[in-house]
Amino acid sequence: MSTELSDDEILGKAYDTKLMRRLLQYVKPYKKIVVIAILLNILVAALGPLRPYLIKIAIDDHIVLKDYDGLLLIIAVLFGALLIQAIVQYLLTYFTVLMGQKIIFDLRVELFSHVQKLALKYFDRTPVGRTVTRVTNDVESLNEMFSSGIVAVFSDVFVIIWIFIFMFSMSWDLSLVAFSVMPILFYATFLFRKKVRETFRDVRFHLARLNSYMQEHVTGMNVVQIFTREKQELKKFSEINNDHKIANIKSIFFYAVFYPFVELLSAVTIGLIIWYGGGEVIQQQISIGVLVAFLQYTEMFWRPVRDLSEKYNILQTAMASSERIFKLLDNKTFVKEPDNPVQLTNVRGEIEFKNVWFAYNSGEEVLKNVSFSIKPGERVAIVGATGAGKTSIINILTRFYDIAKGSITLDGTDIRCFDKRALRKYISIVLQDVYLFSGTIKSNISLGSDKITEEQIIEAAKTVGAHKFISQLPNGYDEEVKEKGATLSVGQKQLISFARALAYNPQILILDEATSSVDTETEQLIQNAIEKLLIGRTSIVVAHRLSTIQNADKIIVMHKGELKEEGTHQELLTKRGIYYKLYQLQYKDQELIKTS
Amino acid sequence: MIGSLSNLNKYFARYKSRLILGITFILLSNIGQVYIPLFLKESIDTLQKNISTGIIQKYVLLIVAASLFSGIFRFMIRQTIIVISREVEYDLRQDFWAHIQRLPLRFFQNNSTGNIMAHATNDISNVRMFVGPAVMYSIDTGTKFLIIIVIMFSLNSSLSLYALLPLPLLSFLVYKVIKKVHIKYTRIQEKFSDLTTSAQENFAGIRVIKSYVCEDYEIKKFSKESDEYLKRNMDLVKLQALFQPIFYLIAGISGIIVIWKGGKMVIDGELSIGVITAFIAYLAMLIWPMIAFGWVANIVQQAESSMKRLMKIFIEPYDISDNEEANNTLFEIKGEIEFKNVSFRYRDDLPWVLKEINLKIAQGETVAFIGNTGVGKTTLINLIPRLYDTVDGEVLLDGQNVKEILLNTLRKNIGLVPQETFLFSDTLANNIVYGTDNDGQELIDKVSDIVQLTKDVEQFPHGFETILGERGITLSGGQKQRATLARALAIDPKILILDDSFSSVDTHTEEEILKQLKNFMKNRTSIIISHRISTVKDADKIFVLDKGAIVEEGTHDELVEKGEIYADLHLKQLLEEELKEIN
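Residues numbered from 1 in each chain as written. Chains lettered and ligands numbered in written order. Predicted model: local features only at pLDDT ≥ 70, side-chain atom pairs only at ≥ 80, totals over all residues. Heavy atoms only, no water.

Caption draft 1: Spatial organisation of the overall build of chain A. Summing up its helical and strand segments, chain A has 21 helices and 12 strands in all. Projected onto the principal axes, the alpha-carbon positions of chain A cover approximately 120 × 60 × 50 Å. Buried positions account for 53% of the 596 residues belonging to chain A. Looking at chain A alone, contacts between residues at least 24 apart form 78% of all its contacts between residues at least 6 apart. Here chain A has roughly 26500 Å² of accessible surface; of this, 57% comes from carbon and sulfur atoms. Taking the 69 positively charged and 64 negatively charged side chains of chain A as two groups, their mean positions are separated by 4 Å. (Helix = DSSP H or I, 4+ residues; strand = E, 2+ residues; numbered from the N terminus. Buried < 20%, exposed > 50% of the residue type's maximum accessible area, 1.4 Å probe, protein only. Contact = heavy atoms within 4.5 Å. Areas by Shrake-Rupley, 256 points an atom, 1.4 Å probe, with all protein chains shown as cover. Lys, Arg positive; Asp, Glu negative; His and termini not counted. Charge placed at Lys NZ, Arg CZ, Asp CG, Glu CD.)

Caption draft 2: How the structure looks around empty space enclosed by the protein. Residue and element names in this part refer to chain A. Taken as a whole and assessed by the stated rule, the structure comprises 9 cavities of 30 Å³ or more. Estimated volume of the largest cavity: approximately 70 Å³. Elements represented by at least two residues in the lining of the largest cavity include exactly β6 (427-430) and α17 (490-503). Here the lining of the largest cavity is composed, by residue class, of 7 nonpolar, 1 polar and 2 charged. (1 Å grid on protein atoms, 1.4 Å probe; cavity = no way out; pocket = protein on both sides within 12 Å on 5 of 7 lines; lining within 4 Å. Points joined across faces, edges and corners; volume = space filled by probe spheres on them. Nonpolar A, V, L, I, M, F, W, Y, C, P; charged D, E, K, R; others polar.)

Caption draft 3: The sheet that holds strand β11 (residues 554-559) of chain A, seen in detail. Residues and elements named next belong to chain A. The strand order β6-β9-β10-β3-β11-β12 describes an open sheet built from 6 strands, whose pairing is mixed. The open sheet has two edge strands, β6 and β12 (562-567), and neither has a second partner. Neighbour to neighbour, the strand axes of the sheet diverge by 20° on average, direction disregarded. As judged from the 4 bridges shared by β6 and strand β9 (residues 508-512), these two strands associate in the parallel manner. (Pairing = 2+ DSSP bridges. Axes fitted to C-alpha atoms, helices over the stretch in contact; angles between N-to-C directions.)

Caption draft 4: Quick peek at the domain arrangement of chain A. Parsing chain A into structural domains produces domain 1 (1-170 + 311-334), domain 2 (172-285) and domain 3 (351-595). The gap between the C-alpha centroids of domain 2 of chain A and domain 3 of chain A is 61 Å. (Domains from an automatic or database assignment.)

Caption draft 5: Geometry of the confidence of the model for chain B. Of all residues in chain B, 98% attain a pLDDT of 70 or more, and the chain-wide mean is 88. Confidence scores differ between elements of chain B, with helix α7 (residues 166-204) of chain B showing the lowest mean pLDDT of 82 and strand β1 (residues 337-344) of chain B the highest of 94. (pLDDT = per-residue confidence, 0-100.)

Caption draft 6: Examining the interface of chain B and chain A more closely. If you look at the interface, chain B gives 125 residues, while chain A gives 131 residues. For the pair chain B and chain A, the summed buried surface comes to about 12600 Å²; carbon and sulfur atoms form 70% of the total. Looking only at chain B, the three residues that lose the most surface to chain A are W97(B), F203(B) and Y212(B), adding up to 7% of its buried area. Across the chain B-chain A interface, the total number found is 5 salt bridges. Residue E87(B) pairs with K245(A) through a salt bridge whose shortest N-O separation is 3.0 Å. Summed over the shared surface of chain B and chain A, the number is 31 residue pairs in polar contact (both at pLDDT 80 or more). If you tally residues by element for the side of chain B that touches chain A, the top one is helix α3 (residues 53-102) of chain B, at 26 residues. Of the residues assigned to the side of chain B that touches chain A, the class counts are 67 nonpolar, 31 polar and 27 charged. (Buried area = accessible area lost by both parts, 1.4 Å probe. Salt bridge = Lys/Arg side-chain N within 4 Å of Asp/Glu carboxyl O. Polar contact = N/O pair within 3.5 Å; in protein donor to acceptor, adjacent residues only side chain to side chain.)

Caption draft 7: Inspection of unusual backbone geometry at higher detail. Residue and element names in this part refer to chain A. Phi is positive for L447, which is not a glycine, with a value near 50°. Here L447 is to be found in the loop between α14 (441-446) and α15 (454-463). For N505, which is not glycine, the phi dihedral falls at a positive 40°. Among the structural elements, N505 can be located in the loop between α17 and β9.

Caption draft 8: Structural view of helix α18 (residues 520-534) of chain A. All names here are of chain A. Spanning 15 residues, α18 covers 21 Å between terminal C-alpha atoms, matching the ideal 21 Å at 1.5 Å per step. Those residues of α18 not exposed but buried are T522, E523, I526, A529, I530, L533 and L534. Mapping the buried residues of α18 onto a view down its axis gives an arc of 125°, with all of them on the same face. Exposed side chains of α18 directed beyond 90 degrees from the buried face belong to T520 and E521. Taken together, the buried residues of α18 touch β3 (379-383), α17, β9 and β10 (538-542). After α18 finishes, the residue G536 shows a positive phi value of roughly 75°. (Expected span 1.5 Å × (residues − 1). Arc of directions from axis to C-beta.)

Caption draft 9: Main features of the nonpolar core. Membership of the largest hydrophobic core comes to 125 residues, with the highest contact counts inside it found for F353(A), I396(A), L410(A), I441(A), I445(A) and F498(A). Sorting elements by how many residues they give to this core places helix α4 (residues 68-117) of chain A first, with 12 residues. With 124 residues, the next largest nonpolar core counts V224(A), A120(B), L428(B) and I450(B) among its residues. (Core = buried A, V, L, I, M, F, W, Y, C linked by side-chain atoms within 4.5 Å.)

Caption draft 10: Main features of a nonpolar patch on the surface. Together, F79(A), L83(A), I87(A), L91(A) and F95(A) make up an exposed nonpolar region whose accessible area comes to about 420 Å². Tracing the chain through its elements places L83(A) in helix α4. (Patch = residues over 30% accessible without salt bridge, like charges linked within 9 Å, V, L, I, M, F, W, Y side chains within 5 Å.)

Here you go:
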């Protein structure tokens, strides 16, 4: 748990070559867009800095020389350049975002598909919310990097390069004077980033403290109230809240200093240009137009420089998210598949457990040396107290987990030799907690399988006796299922899950009977449904109903992970062993209800 | 102020003088800033007249000085307005928490922790963005905009008119685009939440999916959702990508007009090149306010809906609090409890949980409640410390309705050990003395002895100073239960209520604790809820609850004799014991 928890606290480096290389793998399919984007970037980056240059020409060659027609021509060129810049900029944004969206789409679907393959062991250990966050928010935070981060870095760099080229081509010594302030800017930015990172860490620490305090106390609010500690807790809260505030206020200082300082530097640069360039103008070494252009370039130059340093944050978040995403993608908790799976055809449904040992966590055996066999078409009930190992038998039969020792065979072949998904096509499970998905009643029965026709769905519902209540719903089979079927009763949900199992028409059926009590009428419906469900197939039932055990061909009695008794209801009762006690404990009451 | 944000007025009022100071700083800083292009103009014009470099140097110094002047105030703006926003954030969060703490249990059961946390973090942070950056930038850009326009007109009104001509169009387009962007953005958010739900349902129902081999279908379904999400994003981008080009295009056109019309004026000898330079510099200054406009509008919108959500919580009623008739001279409680025709249900549209309960517990007595899950045992005892109030009938303590006893007095005299063990991520010692101001080791040792925790603690790395929870050690279920029991004993309550507090403790330890408790419980009223016969059998009186009503009462022997529900339970537990013995 603790190592998993620290996952969400990964702050991440701003740049990690290995992670970056892996991330760039996802860009590969869109190489063309990237190349085009970079080319467009070079173009668009040139168009911005071109304008001050054109203005210089306008001033020097036309305005000063009083050539109005020439001025009009330059104006037309300026306008053309501006228009092209706007159009290219639009296309550029559109296509880079499209690329970013496609990349995160790919990554998201890959991640989701990967999770589908993970073994139940992973889900047992990981809260659902955490996996959801990986697939949604973490992937989302990469979006910014792909769609604005990377490309914008290129664009910033190219703008800077173009400005350099234009400035140096006009006057290299004035350029040197203008750039003389640069080292100070770089140093200031470096210092600012460092300070901000430190305070940011501080802020983050206090924010985490604040959040975990609130999280904890919202969860335990009843304890606070029962012990009337509201006053004391409010004091504690205000301390934490205050620390958070102070940390934030401290970080304001650095922003408050940095931004004005950058503007001051910019003013100093302007001053230098006027002072040095003005001298040159007087000496007629440069024209007045050059001076005006330089003033515009300084204005233009600071923005990409500042932007570049801001990309740092985007990169940092993206790195942290990608680290978590890749960690999940690298999680190989799979149930092993055979290299050359045996084909499953004409399954008869003969099952045999031979000396099976099984543990969820090694060392804590939940099944110990369990052996039994089931003939095709036989109906077997498994009984036992809580924790006796009933559910584990189901779990290993469908290879949700693999066993430690022994073997399980289906029609004489070890189930580990089959592709597990092929195996599951022949075995349906009806779980104790009915799980309904958002969608319609119909889609909850077919579970999206296109092999199951609407007629089959209705037929299955009719057979289990669910048709009546379904057709009474306002939209019948197309009635929307919301919030895991909150509007349906427990019994109705069960009937739907029976219809689901029946629609799949499996050779082998596993039924984990629900313990929750329902009214007599529903109980009767359910019992009839179970009868119909089990007819003509091999079935294994974790039994909680008296009727189920009475109708079983064979009963397997589990106790503390071992198979203790085996036989029919009557045989086992006369034995007066564990089964007899279990019967009195769990089933006898139902007999009383029945007779009364 | 618009809509829900007017609720912030009282917070702003607290910092009124500093806020006014901050606005003054904005004005001063802007004045410094707008002087720079003027000095530029002067220096360019001077240069054209070919005069000595001395005057140029003066302007250079003036430019740097103006920037320094503006910068100092810019520093002070952040130190006032942004700092105020953090203060308001603090105040708001403080008020939020003080309010949350007083809300009844009902609120916490109807709202998930995640939901409440989202209000406390995201919503408050959105409001903060409004109070700080949004207010700062809108005042800053607004005033700057006005000053610059005035200066431009004073320099050359006809050129200003030409240059500013495209700007209303810009504002109009921005307004149009933002409106549409908002709609599309909402559509994206909806899809994102669908996507989250899809993933959530899939992962939670993974057993079903694996059982029915629906992985491929699920992947296809998820891809389709993701694709729709992509499409909606691109739909927005189509519009959003217009922003930057429109800005640059319109601002650029203004610049071109300046060169064009201004150039003509220069050619005609009506204008100096310096003015053109100043105009170009001013237009560059105006672009940012235009961009900020959209950004600020967005923040305001978010803050507005966040504030609305926060207000929804702020108006949640306390339900359970001291009423005016509360007896505020009563601080001592003896411990006699009586339920008179008590009925209870959680909501008007839900079935009754308790139906006309009548019972009496004498001072110093030990009584037990037994019955299946969901028969109303926990609900019943929760009425005593007023975690809920009765719907019908009354609960009396020492003959007085609990609603007329000060909440503080009432709860300080009741030691309730709730069913769900909850300990704070603090030291074990602090957890034990949580409810009392006495944190002496003597007390900790005493109660730990009673609950059989002392031996366990010896194994902990730092004894009682060991930190529990995520950042410390994880206690076993039984240890947790014993620690919560110790916490209740530490407040030396007149009434002790144990709600199924031994479920994770093994029977042997339980027996030991019960033996020790006997001494502690002398002269105190005790109520024990349990599923286990072994826990309740020694009680002075046992109540059997079924479907919200008391169906049997008496001592262990009496009830076994009676041969009904209790006797049946007793028999079954004996059977279970026997089963457990078998190996």
